[in-house]
Amino acid sequence: MSGFEGMDFGGLGDGFGFDLARLQELLSWREGPVNWPLAKETAFNIAGEPRPILGDTSAQAAWNDAVLTADTWLAPHTNLPSVSGPAKALSPHEWIDLATGPMGIARYVEPVAHGMHEALTRGLAQEGGLGISLGDMGSHVTPITAMATGIQVGQIAGRLATQLVGAWDLSMPTMAVDTVAIIGGVATEIAQTNGLDPREVEFVVALRECAHRRLYTGVPWLLDHLTSELHAYGNAAQFNIEALMAGFGDISAMNPELFNDPEAMRRMSEQAGAVHDQRSPEQEAVQERLQTLVTLINGYTDVLIRRAGTGRLPNLDVILDVFAERANEPGAGERIMVNLLGLDLHPEDLSQGSAFCDAVERARGAAGLDRVWSDAEHLPSRGEVMNPRRWLLRVAGEDAAMGTEAELPEVDFEVPEDLSGLDNL
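Residues numbered from 1 in each chain as written. Predicted model: local features only at pLDDT ≥ 70, side-chain atom pairs only at ≥ 80, totals over all residues. Heavy atoms only, no water.

With respect to the nonpolar core
In this structure, Trp-63, Trp-95, Tyr-216 and Trp-373 are the most contacted members of the largest nonpolar core, which totals 101 residues. Here the element with the most residues in this core is helix α12 (residues 281–309); it accounts for eleven residues. Dropping the residues within four chain positions of it, Trp-373 is found in contact with Leu-215, Val-219, Trp-221, Leu-222, Leu-293, Leu-296, Ile-297, Tyr-300 and Leu-379. Grouped together as the second largest cluster of nonpolar side chains are seven residues, Leu-27, Leu-38, Ile-144 and Ile-151 included. (Core = buried A, V, L, I, M, F, W, Y, C linked by side-chain atoms within 4.5 Å. Buried < 20%, exposed > 50% of the residue type's maximum accessible area, 1.4 Å probe, protein only. Helix = DSSP H or I, 4+ residues; strand = E, 2+ residues; numbered from the N terminus. Contact = heavy atoms within 4.5 Å.)

Observations concerning the packing of helix α15 (residues 351–369) against helix α17 (residues 388–402)
As a packed pair, α15 and α17 sit with axes 8 Å apart at the nearest point and diverge in direction by 25°. Here α17 runs roughly parallel to α15, going by the angle between their axes. Residues Phe-356, Ala-359, Val-360, Ala-363, Arg-364 and Gly-368 of α15 lie in contact with α17, whose contacting residues are Pro-388, Trp-391, Leu-392, Val-395, Ala-396 and Asp-399. When the residues that make up the contact of α15 with α17 are grouped by side-chain class, the tally is nine nonpolar, one polar and two charged. (Axes fitted to C-alpha atoms, helices over the stretch in contact; angles between N-to-C directions. Parallel < 35°, antiparallel > 145°, perpendicular 65-115°, else oblique. Nonpolar A, V, L, I, M, F, W, Y, C, P; charged D, E, K, R; others polar.)

Considering the confidence of the model for the protein chain
Looking at the protein chain, pLDDT values average 80 and 73% of them are 70 or higher. Model confidence for the protein chain, summarised as mean pLDDT per element, is weakest for helix α11 (residues 262–270) at 56 and strongest for helix α8 (residues 198–218) at 97. This model gives residues 249–253 a pLDDT under 50, and the stretch forms eleven contacts once residues within four places in sequence are excluded. Note on residues 408–425: pLDDT under 50 across the span, and 23 contacts to partners over four residues away in sequence or across chains. (pLDDT = per-residue confidence, 0-100.)

A closer look at helix α14 (residues 332–341)
Listing the buried residues of α14 in full gives Gly-333, Glu-334, Ile-336, Met-337, Leu-340 and Leu-341. Looking straight down α14, one finds its buried side chains confined to an arc of 160°; they lie on one side. At the exit of α14 stands Gly-342, carrying a positive phi of roughly 70°. (Arc of directions from axis to C-beta.)

Structure below.
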């Protein structure tokens, strides 16, 4: 039993139906706070049997055509550059394979999972551990926490795989940022449910995917900013040590047989939220910034989609309303992610982003709206998204201070002569 010297398994595997060879495999993990192969395996089980993409062997060719067309439509309406990257028509299982890789949902999970691991290590050192002799404490805690977290992450990916229409549904990357994708047959199901042309729905998905790809690849600091905020949240996370000990303490609960029991895995995932203490003020501030960013991205890409699709797609408004309704009701995958991370990336009202972008564009034009992406300092706060005039006044104050004040079009408020104190608005 190489690598497990000094470990007393308390009789596990002796009459309990426990697969000790499988346990050895899982406890050999040393590659970080999440066992990603286990997460992928769990997600595949949750997603069920692989399904056809759109029930048509020509799905990939049709998606390629939709993406090329959508990107052409977007070109005259944005200064964000076109991106040469993969366009994939994916089955749910194919999406899982990519999303559980290093360029996928690891961005959100690993910062918090690392904090959970560190907190559990401290708790074990203080409380005497799992009731088994661990010898080298740190080296054995890693695979145990990675095992449990892998199951929970697999729950997230498995649920999202059957929920998402495209790779950018969450306005956050779920795979490499140069990739656009349509997932499973959800777009077709939406079309059939609402009496819409499936091909028209697919073009709207392509517009949304391409708009997000242009944004994340065309704004060079955006992905780094997102990653930095997620790490800030993970570093500030506070964990309930007793709940962590209870959740990860009984190694017999990791019986490999439960991997084939979706109900057991669901219960385990629902218990994950108990490990998070009440958010600190720093965590609350990070979550507010992240939710505001999601709101802004959703609103900005909505503006680009409407610019590009109006006059070309007769049911554009209807389709976008259907997508907005879906987005405002988080699915099971997002709810499990909140439980695991203690971080809710879903804004209360996504429509505020569209309202903000519409107001700024009316006041300052398309170039004025693009100022939000000039650097992270120009991102609006939550208060500015809710009241766009505050952001417009802030930008006008910067222009005045630099002696480059632009002429403002007619707007429904007055810009005061004294622009000092705008930070306190």
